[in-house]
Structure formats: C-alpha cells, structure tokens
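Per-entry structural report
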Amino acid sequence: MSALAVVAAPTHHGARLTVDLAAVAANTRVFAGRTHGALMAVVKADGFGHGAVDVARTALAHGASWLGVTSLEEAFALRDAGLRAPVLSWLNAVDADFSGAIAAAVDVAVPSREHLAAVLRGGQGTRRGTRRGARVHLQLDTGMARDGASPSDWAGLCRAARRAERAGQLHVVGIMGHLGCADDPDDPDNRAGRARFAWGLAVARQAGLRPPLRHLAATSATLTDPLSHHTMSRVGAGLVGIDPSRSTVLSPAMTLTAPVVGVRRVRAGTPVGYGHTWTAPRATTLALLPLGYADGLPRAAGPRAEVLLRGRRHRLVGRVSMDQVVVDVGEDAVVVGETAVVFGPGGSGEPTVAEWAAWADTIEHEIVTGIGSRVVRA
Ligand SMILES: *Cc1c(COP(=O)(O)O)cnc(C)c1O
C-alpha cells in the first residue's frame, strides 16, 4: 500500500470486525483445564481470522505454551511480531525456507523423505561451530490420507531421521498425527486413528527416536477424547469459540457490524437485487449495508440470513452482491447511519457465526476465516 493511500484513508465508515480477546482468554483457560498435556495455540489463517498475533499473545498469557501454524511464512510473521514461544509449522513445500526456520528457531513438521532431505539441506551452510540443526516433528498420517507420511513410509522416515539425528544434523523433538473424525466422539475411526498413532510411536521408538512431544488431538479430541491427549494438544477453532464437537460451551470472539448506508421505501411488487430473485410482497422499507460476498458474507446464505437492526432481527432479501446486501426492515424506522450487527456472540439477539454457517450450509471455520481484507479490524 502506498503512503498516500494510508494518509488518504485515516477513517473508515464501512464494515467493521471486532475481536473480544477476553473471550479468547476464557476459551484458552477452558482447554488448559481439560488436558494434563501442553497446549499449542493454533493461529493459522491469521488466527482463524481473529488476528494471529493478538490470539497468540492472549493464548500464551492464559495457558498455552506453544504456537502452531501451517506455513513458515506465518511462523516468521509471529517471530517478526516479537513472539518468542516455541512455534511449529506443519505444511510447507520442499523448497520452503528451512534455513530461515532454523535461524528463527521455528520447528517444522516432516511428512516425507523429500521433506527430510530439504530440511537437512536447510541446515547446511550454517557456520561450523554455530550449527544448531532443525527441530522437527515427524508427521504420520493417522487416517485422513491428507498430510503426514503413509504407514508404509513411516519406518523408513523414522530410520532416516534417526540417522540424521545421530549425525548431529537435526533434532527429532516431536511426533504428530491428526484425527479426521474427532468432531463425532462416537465415530469408530477415532479409535483406529489413536491406534495408528500408537503404532507410529512404537515404530519411532524401535528406530531409536525418543521425542519428548507426542501430539494428536485438536479442538474436538481435546474436549471429548482424553485418550488422544498424549503430551500436547493443538487447539485452533476452540480458542476462538468454535466447538465442532458441540460438547462444550465456549465464547465466540468475533463481532461483525456494518452501517446502514441507504434506506428506501418500496411498493408491493418491487423486485430487489440481481436476478430479481425477491419481490416485495407488500409495501416495505429496505436498508442497504455496504458488505457482500467479497467481505465474507456467503452468497449461499442470502435467502435465509438475518442481521440485527434496532434490536430486532431482519432478513436479507434478494441476492448477496459482491459489495452490498439489502435488508427488509418492514415498518421499522431505520435511518441511514445506524449500525447493523451482522453477527456476534449472540447475547443481544444478534445472529451468531454458527447461524451464518448453517444458513450457508458450511462450518463456522469457513465464516470466520473468510472475512475480506477491506473489512476494518478495530
Ligand atoms: C488446523 C489444525 C489444527 C487445529 O484444529 P482445530 O480443530 O481448529 O483445533 C491442529 N492440527 C493440525 C494439523 C491442523 O491442521
């Protein structure tokens, strides 16, 4: 962004996102109290849209001792912000900046022999005598066929990592897996995932590895499946108030508001928005809000979605546009300049992120991580 743009926009009168860090603190304490293991605050995707640095600092002050992210770039951003806690990054291309990871003391997950070789290359070229070697967490696919080594590759990966460790080239500090069905505690695949992880630990041990950290559980398993806890839990969604297992009351942290920028009275029969998908069945008042699908309101939610205006719920009508939506406020005397609450914790009658997710037939994670860049974070 140019300096001119910064100067030219000192204030903003559009959609606004606020994050309640006290809610993040309370959620962190819930998770710290649910496990005897360490707690890793997963702050990928900008802290699930809540601000990675803010969520990280808050979580570290309320019971978390580790930070977790997807990419090395996300990890470096945490370091640049001055965060010194241990950080793990678990999904990177083989040409990622692994020497930068070593220099920034960022741990990396190793899901394959190719990644192991890349991490070892990243450790070369450090000056003799100052060489520290990468800190790695070997990553096993525990049943998702997604990230992590497949079981057939696991023993070979463990042996190769142990050879490198004995040669002083890296430290295997952790073994990690991830459960695909933990949102449903009764799913039998949870037991299978735990069993595969236990098998992976035994194979690593046979290879001579003694990693102090063993981590499998994310939000749902931390809340519902103590057998999955091992020495650490990696919790992301739960810190921002999302519990996919629906087992625990957490505190939603996000509030999205928008000002009313237009009000018009229309006659019965007036079509609204692209495609004229809605026609006023009676004379009514329409309010215009300056946010749309580019700002993270799912277009699919349109026909069901509501916002809170003047303390009452009102429906969106017509299609969600890229930059704007129309609200049918009926006979309420809404005026330009009032603030609509698009979603929030729900305590004042406003819709919640969970409701928006249901309206769009998706999950809360997709709503909170999808808020667009032009929405001002206040
Ligand atoms: C996103 C992610 C987590 C956090 O999962 P939540 O269910 O949001 O707590 C943990 N581990 C891995 C590998 C992930 O990708």
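Below or above, wherever it landed, is the structure these notes cover.

About the thresholds
- Residues numbered from 1 in each chain as written.
- Predicted model: local features only at pLDDT ≥ 70, side-chain atom pairs only at ≥ 80, totals over all residues.
- Heavy atoms only, no water.
- Axes fitted to C-alpha atoms, helices over the stretch in contact; angles between N-to-C directions.
- Helix = DSSP H or I, 4+ residues; strand = E, 2+ residues; numbered from the N terminus.
- Parallel < 35°, antiparallel > 145°, perpendicular 65-115°, else oblique.
- Left-handed = near helix turned anticlockwise from the far one by under 90°.
- Contact = heavy atoms within 4.5 Å.
- Nonpolar A, V, L, I, M, F, W, Y, C, P; charged D, E, K, R; others polar.
- Phe/Tyr/Trp six-rings, centres within 6.5 Å; stacked < 30°, edge-to-face > 60°.
- Lys NZ or Arg CZ within 6 Å of the ring centre and 35° of its normal.
- Salt bridge = Lys/Arg side-chain N within 4 Å of Asp/Glu carboxyl O.

Two elements in contact, helix 8 (residues 151-166) and helix 9 (residues 188-206), have axes separated by 9 Å at closest approach and are oriented at 30°. Classified by the angle between their axes, helix 8 and helix 9 sit roughly parallel to one another. Once helix 8 is placed against helix 9, the crossing between them reads as right-handed. Of the residues in helix 9, those touching helix 8 at Pro 151, Trp 154, Ala 155 and Cys 158 are Arg 196, Trp 199, Gly 200, Val 203 and Ala 204. When its residues are assigned to classes, the contact of helix 8 with helix 9 shows seven nonpolar, one polar and one charged.

The final tally for this structure, using the stated rule, is one aromatic pair. Taking 5.4 Å as the distance between ring centres and 75° as the angle between the ring planes, the aromatic pair formed by Trp 356 and Trp 359 counts as edge-to-face. Of this pair, Trp 356 and Trp 359 both sit in helix 11 (residues 353-359), three residues apart, which is roughly one turn of that helix. Over the face of the ring belonging to Trp 90 we find Arg 234, whose NZ or CZ atom lies 5.9 Å from the ring centre.

A few words now on the pattern of salt bridges. Counting across every chain of the model gives 14 salt bridges. Residue Arg 313 is joined to Glu 355 by a salt bridge in which the shortest nitrogen-to-oxygen separation is 2.8 Å. Taken together, the residues Arg 313 in strand 16 (residues 312-317) and Glu 355 in helix 11 connect sequence positions 42 residues apart. Members of the salt-bridge network, linked through shared partners, are Asp 295, Asp 323 and Arg 374.

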